[in-house]
Amino acid sequence: MSVGPLLDQKRARKVLEQVLTSGELPPAFLFVGPHGTGREEAALELARALNCAPGSAPTADLFGGDPATDGPEDTGLYGSVLGGCGTCHSCRRISTYGHPDVIVRLPLPRPKSPKQNDPADPTAALAFKAENPYRDPEIEGGNLSIGIADVRAVTSQLAYAPVEGRQRVIIFREAELMNEQAQNALLKSLEEPPDHTLIILTTNRPEALLSTVRSRCRTIYFGPLPRDVIATWLEGAGLVMPGGADFAALARGSLKRAIAIAEGGVPAREEALQILSWVIEGRSPEALKWAAAHAFKSGRGAQVTARQVLDELLSLTRDVAVLQAGSEVPLMNPDQEQLLRSVGAGASVGAGVEALEAIITARGEVDRFVNLALIYTSLFEALKPLGA
Ligand SMILES: [Zn+2]
């Protein structure tokens, strides 16, 4: 069992190991960091540590292992090793999302009427994650969220003792997509934590959580992964970044992003490149058509797309400004150097910097829930000088 990139999250690892050694668990953790930096793996490692039981003899071992020989010798120190033994019956069920006391929920589309008040069923998405820890399942229906029904489906079980009598761990992945009602429903469990229960929220946008939720959690930060860690992982998986190892910069410290790029592209980045091409070719109608298609999707899904696309546009335009200034700073998008150089060469002096400012403004407006159609329309207008 690989312990994954958490190995290189030294700060996070140290804090979690201290917690395990002290035996004093907080009622809840908030794991904050970009996607693909090992937050979910850390949550599972902690869950394995707390429930690891080498030598425990399952009545029916679904994995065909031999409980008598699997896992290290019983030293009486179980629960103090982050990641657990990784091989016992308990650890393996946690890694494959099959342990009754380790419950994982992630944002999913709302069930359609008349079942809209039912919790979404995470079975298929979790089965995919068990096989592909660093890839996202393709989920039909868009507009993902963790709703009140999903939270209640979990919290309703908290009145009972853990099924196997050890430590129950509840993990809400991408908690920034938990709506306000759902967060309020969770608050009660955070305020009066049931015995033997640890709640872990992972997020890349802690500001999207209610302050009352955040204040009940112990926050642990996950930074971008070092380049060489990502390069080594990709090499081990037989994946190649376009242009080779120098292009690890494109991954921006996220293993998930690196894998997506090596496997054919990050959708938001492809869209940002498309928008940039439309702008420089003076094809505003196409850009506006794209904006209309995206702006009128309702709910948080459109907001998430807007943030992702604008972040990609920001990184591309930043490189245009770097090239225009003749700076030696490394590019964030070295695979697009030719395109970005031609944009910079064709545009008026300073157009790159002005475009950057316009994108930063638009990005702030998305967070303030300004109408997306208005944001896109004025942004594309402001980007026009790039095509001059
Ligand atoms: Zn174990």
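Here, the structure is the one placed above.
Residues numbered from 1 in each chain as written. Predicted model: local features only at pLDDT ≥ 70, side-chain atom pairs only at ≥ 80, totals over all residues. Heavy atoms only, no water.

Looking at the coordination of the zinc ion
Turning to step 1, where the next piece is worked out: The zinc ion binds to the protein through Cys-52 (SG), Cys-85 (SG), Cys-88 (SG) and Cys-91 (SG); the donor distances cover 2.3 to 2.4 Å.
Turning to step 2, where the next piece is worked out: Classification of the site at the zinc ion rests on its four donor atoms, whose angles at the metal span 103 to 119°, yielding the label tetrahedral. (Donors = N, O, S within 2.8 Å, 3.2 Å for Na, K, Ca; no water. Tetrahedral: all angles 85-135°; square planar, octahedral: opposite > 155°, others 65-115°.)

Some thoughts on the pattern of salt bridges
Side chains bearing opposite charge may pair, as long as their charged atoms lie close to each other.
Turning to step 1, where the next piece is worked out: Overall, the coordinates contain 23 salt bridges when judged by the stated rule.
Turning to step 2, where the next piece is worked out: Residue Arg-307 is joined to Asp-367 by a salt bridge in which the shortest nitrogen-to-oxygen separation is 2.7 Å. Taken together, the residues Arg-307 in helix α12 (residues 300-324) and Asp-367 in helix α14 (residues 351-367) connect sequence positions 60 residues apart.
Turning to step 3, where the next piece is worked out: A cluster of three or more residues bridged by salt bridges with shared partners is formed by Arg-205, Glu-207, Arg-307, Asp-311, Arg-363 and Asp-367. (Salt bridge = Lys/Arg side-chain N within 4 Å of Asp/Glu carboxyl O. Helix = DSSP H or I, 4+ residues; strand = E, 2+ residues; numbered from the N terminus.)

So, unusual backbone geometry
Turning to step 1, where the next piece is worked out: For Glu-174, which is not glycine, the phi dihedral falls at a positive 50°.
Turning to step 2, where the next piece is worked out: Tracing the backbone shows Glu-174 in the loop between β3 (168-172) and α6 (180-191).
Turning to step 3, where the next piece is worked out: Owing to a relative accessible area of 14%, Glu-174 belongs among the buried residues under this scheme.
Turning to step 4, where the next piece is worked out: At His-196, a position not held by glycine, the phi torsion is positive, near 55°.
Turning to step 5, where the next piece is worked out: With respect to the helices and strands, His-196 occurs in the loop between α6 and β4 (197-203).
Turning to step 6, where the next piece is worked out: Judged by relative accessible area, which is 48%, His-196 ranks as partly exposed. (Buried < 20%, exposed > 50% of the residue type's maximum accessible area, 1.4 Å probe, protein only.)

Here we look at the nonpolar core
Turning to step 1, where the next piece is worked out: Ranked by internal contacts, the top residues of the largest apolar core, which has 38 residues, are Leu-313, Leu-379, Phe-380, Leu-383 and Leu-386.
Turning to step 2, where the next piece is worked out: At the level of elements, α10 (267-280), α11 (284-295), α12, α13 (337-346), α14 and α15 (372-383) are the ones that each hand at least two residues to this core.
Turning to step 3, where the next piece is worked out: Sequence-distant contacts of Leu-379, that is, excluding residues within four places in its chain, are made with Leu-310, Leu-313, Ala-358, Ile-359 and Ala-362.
Turning to step 4, where the next piece is worked out: In this structure, Val-19, Phe-31, Ala-42 and Leu-126 belong to the second largest nonpolar core, which totals 29 residues. (Core = buried A, V, L, I, M, F, W, Y, C linked by side-chain atoms within 4.5 Å. Contact = heavy atoms within 4.5 Å.)

A few points about the packing of α11 against α15
Turning to step 1, where the next piece is worked out: Axis separation between α11 and α15 bottoms out at 9 Å; the angle between their running directions is 160°. Taken together, the axes of α11 and α15 are roughly antiparallel relative to one another. In the crossing of α11 with α15, the sense of the turn from one axis to the other is right-handed. Facing α11, whose interface residues are Ala-287, Leu-288, Trp-290, Ala-291, His-294 and Ala-295, α15 presents Leu-372, Ala-373, Tyr-376, Thr-377 and Phe-380.
Turning to step 2, where the next piece is worked out: Counted by class, the contact of α11 with α15 contains nine nonpolar, two polar and no charged residues. (Axes fitted to C-alpha atoms, helices over the stretch in contact; angles between N-to-C directions. Parallel < 35°, antiparallel > 145°, perpendicular 65-115°, else oblique. Left-handed = near helix turned anticlockwise from the far one by under 90°. Nonpolar A, V, L, I, M, F, W, Y, C, P; charged D, E, K, R; others polar.)

Points about the packing of aromatic side chains
Turning to step 1, where the next piece is worked out: For the coordinates displayed, the defined rule picks out six aromatic pairs.
Turning to step 2, where the next piece is worked out: Arranged with centres 5.7 Å apart and planes meeting at 45°, the rings of Phe-29 and Phe-31 form a pair that is tilted. The exposure classification of Phe-29 matches that of Phe-31, with both residues buried.
Turning to step 3, where the next piece is worked out: Relative to Phe-380, the ring of Trp-290 has its centre 6.5 Å away and its plane inclined at 55°; by these criteria the two rings are tilted. Here Trp-290 is found in helix α11, whereas its partner Phe-380 is found in helix α15, with 90 residues between them in sequence.
Turning to step 4, where the next piece is worked out: Three or more aromatic residues joined by ring pairs form one cluster here, namely Phe-29, Phe-31 and Phe-222. (Phe/Tyr/Trp six-rings, centres within 6.5 Å; stacked < 30°, edge-to-face > 60°.)

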